Amino acid sequence: NNNQQLKMLDGTKLVQDQMVQLAKSDFYPMVYGGATLSKIGAFNTFDEFKSLEFGNDWKIFIGLTMDLFTGFQRNQKLKQAMNDRQVFVLTKEQAADGLQLATKNAYQQVMLNKEKLVATQSVMVLAEKGYSIAKRAYEVGSKTYLDVQNAEYELNRAKIALNAAKFAFHTALVELKLLIGDL
């Protein structure tokens, strides 16, 4: 409901409806009216102009024009506007279906990345425990320094994997929120 693309398409549908109404208006007669108020005077020489008296000239008019036959131009214009509106409605439905599918996919990505994040957090806990055990075993002398370095390497890999999982989860969440218009 909050998706900006669908809101924009709703506004465009209103424009398409208005285009059909505009095409229908070509069938209506045009009625017009007006009025003019002016002064008028006549003279033959420049001397008569100085003493000229102006008279009132008032006109009121009303008219009606209607095209009886335009060679089916109006009919074709109306049909074209109706077809354009129908094409737009189909396009809008496809966009809504595509948005619904994209939203479902984005939700699945969020859930999948959430599961990966939980699994990666478990691996991180195990890597931390393994590192601390390797470090203590080295202090006691039962493991070599290479074993401690390997455990530290695994811990760093787990941290990187955890950060990558967090990034993927938050990216999927932002994409979902964008699709549903929640941002």
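See the structure shown above.
Predicted model, so just to flag it, every value in this text is computed and none were measured.

Residue placement: Asp10 occurs in helix α1 (residues 4-24). Owing to a relative accessible area of 37%, Asp10 belongs among the partly exposed residues under this scheme. Between the alpha carbons of Asp10 and Val89 there is a distance of 9.6 Å; along the sequence they are 79 residues apart. One polar contact links Asp10 to Lys92, side chain to side chain, over a distance of 2.5 Å.

Of all hydrophobic cores here, the largest spans 16 residues; its most connected members are Val110, Leu117, Met124, Tyr131 and Leu155. Of all the elements in the fold, those that place two or more residues in this core are α3 (73-140) and α4 (145-180). The dominant element in this core, judged by the number of residues it contributes, is α4, at 9 residues.

So, on to α4. Compared with an ideal rise of 1.5 Å per residue, which puts 36 residues at 52 Å, α4 spans 52 Å between its outermost C-alpha atoms and is within 8% of the ideal. Lining the buried residues of α4 we find α3. Once α4 finishes, Gly181 follows within two positions and takes phi at roughly 75°, a positive value.

This part is about the pairing of strand β1 (residues 30-40). Residues in a regular strand point their side chains to alternate faces of the sheet. Within β1, only 0 of the 11 residues are buried, leaving the element largely exposed. Of the pairings in the sheet, the one linking β1 to strand β2 (residues 55-65) comprises 11 bridges and is antiparallel in character. The residue of β2 that forms the bridge with Thr36 is Lys59.

Bringing the side chain of Arg74 into the picture now. By the element assignment, Arg74 lies in helix α3. The buried charged residue Arg74 lacks any salt bridge, with Asp67 as its nearest oppositely charged partner at 5.2 Å. Reaching out from Arg74, the side chain makes a polar contact with the backbone oxygen of Asp26 at a distance of 3.4 Å. Among the polar contacts listed, one links the side chain of Arg74 to the backbone oxygen of Asp67, at a separation of 3.2 Å. Each residue touching Arg74, except ones within four places of it in the same chain, is listed here: Asp26, Phe27, Asp67, Leu68 and Phe69.

Criteria and thresholds
Residues numbered from 1 in each chain as written. Predicted model: local features only at pLDDT ≥ 70, side-chain atom pairs only at ≥ 80, totals over all residues. Heavy atoms only, no water. Helix = DSSP H or I, 4+ residues; strand = E, 2+ residues; numbered from the N terminus. Buried < 20%, exposed > 50% of the residue type's maximum accessible area, 1.4 Å probe, protein only. Polar contact = N/O pair within 3.5 Å; in protein donor to acceptor, adjacent residues only side chain to side chain. Core = buried A, V, L, I, M, F, W, Y, C linked by side-chain atoms within 4.5 Å. Expected span 1.5 Å × (residues − 1). Contact = heavy atoms within 4.5 Å. Pairing = 2+ DSSP bridges. Lys, Arg positive; Asp, Glu negative; His and termini not counted. Salt bridge = Lys/Arg side-chain N within 4 Å of Asp/Glu carboxyl O.

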